[in-house]
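Observations on the model geometry
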Amino acid sequence: MGDQLIDDDAYLLPTVRSRRNASSSKFCNMFKCCRNIFQRRRTLHSRTIRVGQGPVCGISHFPRNVVCNQKYNIFTFIPLVLFQQFKFFLNLYFLLMACSQFIPAIQIGSPITYWGPLGFVLTITIIREAFDDLCRYLRDREMNSEKYEKLTYADGFHPIESADIQVGDLIVIHKDKRVPSDVVLLRTTDKSGACFIRTDQLDGETDWKLRIAVPFTQNLHDDMDILNLNCEVYAEKPQKDIHAFVGTYRVNTLDGVQDGSLSVENVLWANTVLASGTAIGLVVYTGRETRSVMNTTLPESKVGLLDLEVNNLTKILFLFVVVLSSVMVVMKGIDANWYRYLMRFVLLFSYIIPISLRVNLDMAKLFYSWQIGRDQAIPDTVVRSSTIPEELGRISFLLSDKTGTLTKNEMRFKKIHLGTVSFGSEAFQDVSRHVESAYTGKLARHSFSAKLQAAVEAIALCHNVTPIEENGLVTYQAASPDEVALVHWTEQVGVKLAFRDLHNMQLQLSNGIRKSFQILHLFPFTSESKRMGIIVKDETTDEVSLLIKGADTVMGPMVQYNDWLDEECSNMAREGLRTLVVAKKILTPEQLSDFEKQYHAAKMTVTDRSEHMAAVVRRLETDLQLLCLTGVEDRLQDQVTTSLELLRNAGIKVWMLTGDKLETAICIAKSSGLFSKSDNIHVFGQVQSRTEAHNELNALRKKSDVALVMTGSALNVCLQYYEAEVAELVCSCTAVVCCRCSPEQKAQIVNLLKRYRKPLRVAAVGDGGNDVSMIQAAHAGIGIDAHEGKQASLAADFSITQFSHICRLLLVHGRFCYKRSCALSQFVMHRGLIISVMQAIFSCVFYFASVSLYQGVLMVAYSTAYTMLPVFSLVVDRDVTAQNALTYPELYKELGKGRSLSFKTFCIWVLVSIFQGATIMYGALYTFDSDLIHVVAISFTALIITELIMVALTIHTWHWLMLVAQGLSLSLYLASLVVFDKYFDRQFVLTWTFIGKTLSVTAISCVPLYLFKALRRKFSPPSYAKVN
């Protein structure tokens, strides 16, 4: 098998070497995360492993079995954190300003004026990053130090840490323990060689998966006998696909050579959990080569629209600084040192660009995330991306999955159709009687009861369900809730699944008799085949049968001619039922023998094994006897109808993207309320060519206010030729349903909206692994933690437990986050603008001198100690109550227009800053007595009080934290007036003259704005004020 290493290479990121001395120092292990930076790219190989001895063919450099999620190490931490910060224009600008203070010719005041705010921002960032990376390190260390047992010649079962496990080791894994690496399953404590694993941390599915040990090693007398085998195991090169594995084993014995194939059912992937028994496995992949690590991708970092808008405003402020500085230099007079004065003025006016803006917004987002997580009205909601909570306040399109999202993914068997008659839930007692009479053996072979009995028995046998008994209770484990619903129904009508292992199955009939079957072959369901099959042998009659169930689209051509299947499938789909076609074929011994030879040959191939196996099975799947058609109901989520109506009234267009049939999708859209009763439904035709797509799009263009239903195949054709036209026409529809939609198509639709409906925001909600691509592509991805597992929930930006919670998440928390962030960012800009206007006026009055108005300590204290708390307290403000936000969803429509933070509101705040800055500065100069220090005291005190009053005027609803912030800031400043006698004249600030002048200047700067706001609220109130 060594020749299979040829042309079997791939490239990934470099990894560390696997074989290391056990006494390696812990100091070296600290740098394992960055070592790959300095190594060349590593070639991935398939490998052949001799059991008990390790890899052969000379390959020994495999990655260490360590978990490393750290972003930094002791050397890279500071450089990488600083790079991440200074790649932003705002921080880089302030770094250059701060560094310029080391040049004496352009130095202005104390360097702390510039280094203080910058240092504060960087300190907060470094502390946060260090804490996050420390948490990652502690989690990694806990996983790397997990104890396992290694089977060796010398010591038998020897304890070993997860990080020390190497390729070729024989590892013992106990129940409820994490699988530390990818292993081939050799033995289990179950006599049949079966065990179950939980894969929710790998693929997000909560159902247990069945795994099977290698038959030869399972049948050994003792565990230690494994070490005495002359056995080689071949494993393909590391791949990403968790649903496939290609391998073989070869055992040399005295009687000859025994070989066999290995597939995905024979391996345990790393980070799955053993759910039953104890297992012994041969390690084939470690560390970075395991399936779980290779499937770990860093999703694209999402940046909110508000952040982009703030960044654009920051660039405008920078341009304003340059223009203002240039004007000051020109008015001063251009001489040989003009560039030096220009730089000094740029430094003086640098406070126009607020360095604290990013810190305030980041801290506010963390607060929003904490607030969402503790909302009792939407329990167990988790914010996984704290950088975009304000995106929830501007959603225009919501793309939703159907199964498990709009529906509960709780299946109930509702109908069975046999061609001539159908039975609904009210007639299942009749089914029981027919089945019971058929099993007595007194009826003719072709009687109706016998046909019904054959259909029920096929449903009870054709599945991958296993009964599990825990604490005296029997539960069914399967990969799909549809299968559990079918087995529950057969139990209800008198055919119970009593026992199942790898090779046998027993059905218990209503009369107490057990009927045994031997499982010869099982063909699992895949998304490509859309069907599953099983070959069983009735131990009573020795009859061998091929039983298959699957989607009508693939089963139709396989079954014998009939005139009812297509029509009844459509009828059931209109009732909102999920349909499955069940068929049977009796195999002769010759057919079975011929199939098994071909199938074994296909399983032993190393290249394209799956295709070869599927081709052999397809030769059997012809001329099948159609037994029945089943219908299973998927119940709607709680309050889904009222939730969709709320979202529609809020101006959010909801689209449903599903893999289900067209008729089922339309039925669910109607019953859930996605399509209103007044909607005209337009079903987009099946198109195959450009001309057909053009005609269908023209037909859609002629209609207005329609609800559109479209298939994934038709969408593909249209996007190939008319992408822009599709975006225009589809977005004009009142609601859209896209059926037969693949996961890639879901993400494609999201990207289509992002491209052609910019800057409108798109959200996506789903609950299954097939929704992850859509969720990660959307501006705001919302995952539902539900029956299908946690994969969508873990990949999403926000995780909720049911669809109805999305209304409060968007209409309440989305509104609050967006409105608060807008107010906060504009107020931080206002805080910098007003003091820069005062500086400009001061320089003009004193002959354009490039001298700072306030000392460095006062400048730093102004943006931190004196005003930070009151300004940041705006994060608890709210313009409407949560109840009103839900009662009047129309309020949400206005947020999508972006009027809370726009160039218009920015210009208004600039004008307010100019007015207040000029009023305070000219007022202080007008009341100027004889000492410049009095101008500083009056203007700075008026500035602080004005800021506190402006915060109060901006607040819609007072919170006790706002009062505390105002009181603390004012008390701290008043104490500073007395303590900082170096900057203030203590005797002067304690006089009534100072108090009177300060209050007069403050009143002139604030009263006109208060009157304007009061008049505007009275004669042109905003919509939110009308509902309060």
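In the nomenclature of an unreviewed UniProt entry, the chain corresponds to Phospholipid-transporting ATPase from the organism Acrobeloides nanus.

In this structure the tally under the stated criterion is 29 salt bridges. The partner of Arg 47 in a salt bridge is Glu 289, and the shortest N-O contact between them spans 2.9 Å. Taken as a pair, Arg 47 in strand S3 (residues 47-50) and Glu 289 in the loop between strand S16 (279-285) and helix H6 (291-294) lie far apart in primary sequence, 242 residues in all. A relative accessible area of 1% means that Arg 47 is categorised as buried. When its relative accessible area of 1% is taken as the criterion, Glu 289 is described as buried.

Taken together, the side chains of Leu 869, Trp 960, Leu 961, Val 964 and Leu 968 make up a nonpolar region of the molecular surface, amounting to roughly 480 Å² of accessible area. In terms of residue count, the dominant contributor to the nonpolar patch is helix H31 (residues 960-979) (four residues). For Val 964, the position within the fold is in helix H31. We classify Val 964 as partly exposed; its relative accessible area is 40%.

Turning our attention to the pairing of strand S5 (residues 147-152). Inspection of the sheet shows S5 paired to strand S6 (residues 156-161) by six bridges, in the antiparallel sense. Looking at S6, one finds that Lys 147 is bridged to Glu 161. Between the antiparallel neighbours S5 and S6 lie three residues.

Phe 349, Leu 398, Leu 647, Leu 674, Phe 803, Ile 806 and Leu 810 are the most contacted members of the largest nonpolar core, which totals 102 residues. The element best represented in this core is helix H25 (residues 805-845), accounting for 14 residues. Counting residues in hydrophobic clusters, the runner-up holds 43 residues, among them Phe 428, Met 505, Leu 509 and Ile 519.

Before going further, it helps to examine the UniProt feature "binding site: Mg(2+)" (unreviewed entry) in the chain. When the UniProt feature table is mapped onto this chain, "binding site: Mg(2+)" (unreviewed entry) is found at Asp 401, Thr 403, Asp 767 and Asp 771. Their sequence span is 371 residues, while the largest C-alpha to C-alpha distance among them is just 10.6 Å; these annotated residues converge on one region. Among the secondary structure elements, Asp 767 is positioned in the loop between strand S34 (761-766) and helix H23 (772-777). Look at Asp 767 and you get buried, because its relative accessible area is 1%.

With that settled, consider the UniProt feature "active site" (unreviewed entry) in the chain. Listed under "active site" (unreviewed entry) in the UniProt record, and renumbered for this structure, are Asp 401. Examined against the element boundaries, Asp 401 turns out to sit in the loop between strand S18 (395-400) and strand S19 (407-417). Take Asp 401: its relative accessible area is 4%, and that puts it in the buried class. Setting aside its immediate chain neighbours within four residues, Asp 401 contacts Leu 406, Leu 657, Lys 746, Val 765, Gly 766, Asp 767, Asp 771 and Met 774. Looking at Asp 401, its side chain comes within polar contact range of the side chain of Lys 746, at 3.2 Å.

Attention now goes to the sheet that holds strand S10 (residues 208-212). If you trace the three strands from one edge of the open sheet to the other, you get S10-S9-S15, paired in antiparallel fashion. Since the sheet does not close on itself, it has two edges, and those belong to S10 and strand S15 (273-274), each with one partner. Relative to S15, strand S9 (residues 194-198) runs antiparallel, the two sharing two bridges. Counted as the bridge partner of Arg 198 is Val 273 from S15.

In this structure the tally under the stated criterion is 28 aromatic pairs. Ring centres 5.3 Å apart and planes at 85° place the aromatic pair Tyr 72 and Phe 77 in the edge-to-face group. Here Tyr 72 falls in the buried class, since its relative accessible area comes to 5%. Taken together, Tyr 854, Tyr 862, Tyr 866, Phe 940, Tyr 973 and Phe 984 form an aromatic cluster joined through their ring pairs. Lys 177 extends its terminal NZ or CZ atom over the ring of Tyr 148, reaching a point 4.7 Å from the ring centre.

Looking now at the sheet that holds S19. Strand order in this open sheet of nine strands is S20-S19-S29-S28-S27-S26-S25-S24-S23, and the pairing throughout is antiparallel. Each edge of the open sheet carries a strand with a single partner, namely strand S20 (422-424) and strand S23 (495-500). Taking each pair of neighbouring strands and ignoring which way they run, the sheet shows an average axis angle of 30°. In this structure, strand S26 (residues 531-538) lies alongside strand S27 (residues 544-550), joined through seven bridges in antiparallel fashion. Among the inter-strand pairings, Arg 531 is bridged to a residue of S27, identified as Gly 550. Lying on the sheet, helix H12 (residues 481-492) is in contact with S19, S23, S26, S27, strand S28 (577-587) and strand S29 (625-636); it crosses S19 at an angle near 45°. Along the sheet face, helix H14 (residues 565-574) touches S19, S28 and S29 and points at about 10° away from the line of S29.

Running from amino to carboxyl end, helix H2 (residues 77-86) crosses helix H4 (residues 112-144) at an angle of 125°, the nearest separation of the two axes being 11 Å. What the angle tells us is that H2 and H4 run oblique. When the axes of H2 and H4 are compared, the crossing they make is right-handed. Between H2, through Phe 77, Ile 78, Val 81, Leu 82, Gln 85 and Phe 86, and H4, the contact on the second element is made entirely by Leu 118, Leu 122, Thr 125, Ile 126, Glu 129 and Ala 130. Looking at the contact of H2 with H4 residue by residue, the classes come out as nine nonpolar, two polar and one charged.

Here is what the cut-offs are and how they apply
- Residues numbered from 1 in each chain as written.
- Predicted model: local features only at pLDDT ≥ 70, side-chain atom pairs only at ≥ 80, totals over all residues.
- Heavy atoms only, no water.
- Salt bridge = Lys/Arg side-chain N within 4 Å of Asp/Glu carboxyl O.
- Helix = DSSP H or I, 4+ residues; strand = E, 2+ residues; numbered from the N terminus.
- Buried < 20%, exposed > 50% of the residue type's maximum accessible area, 1.4 Å probe, protein only.
- Patch = residues over 30% accessible without salt bridge, like charges linked within 9 Å, V, L, I, M, F, W, Y side chains within 5 Å.
- Areas by Shrake-Rupley, 256 points an atom, 1.4 Å probe, with all protein chains shown as cover.
- Pairing = 2+ DSSP bridges.
- Core = buried A, V, L, I, M, F, W, Y, C linked by side-chain atoms within 4.5 Å.
- UniProt positions renumbered as here; feature names shortened; annotations may be inferred.
- Contact = heavy atoms within 4.5 Å.
- Polar contact = N/O pair within 3.5 Å; in protein donor to acceptor, adjacent residues only side chain to side chain.
- Phe/Tyr/Trp six-rings, centres within 6.5 Å; stacked < 30°, edge-to-face > 60°.
- Lys NZ or Arg CZ within 6 Å of the ring centre and 35° of its normal.
- Axes fitted to C-alpha atoms, helices over the stretch in contact; angles between N-to-C directions.
- Parallel < 35°, antiparallel > 145°, perpendicular 65-115°, else oblique.
- Left-handed = near helix turned anticlockwise from the far one by under 90°.
- Nonpolar A, V, L, I, M, F, W, Y, C, P; charged D, E, K, R; others polar.

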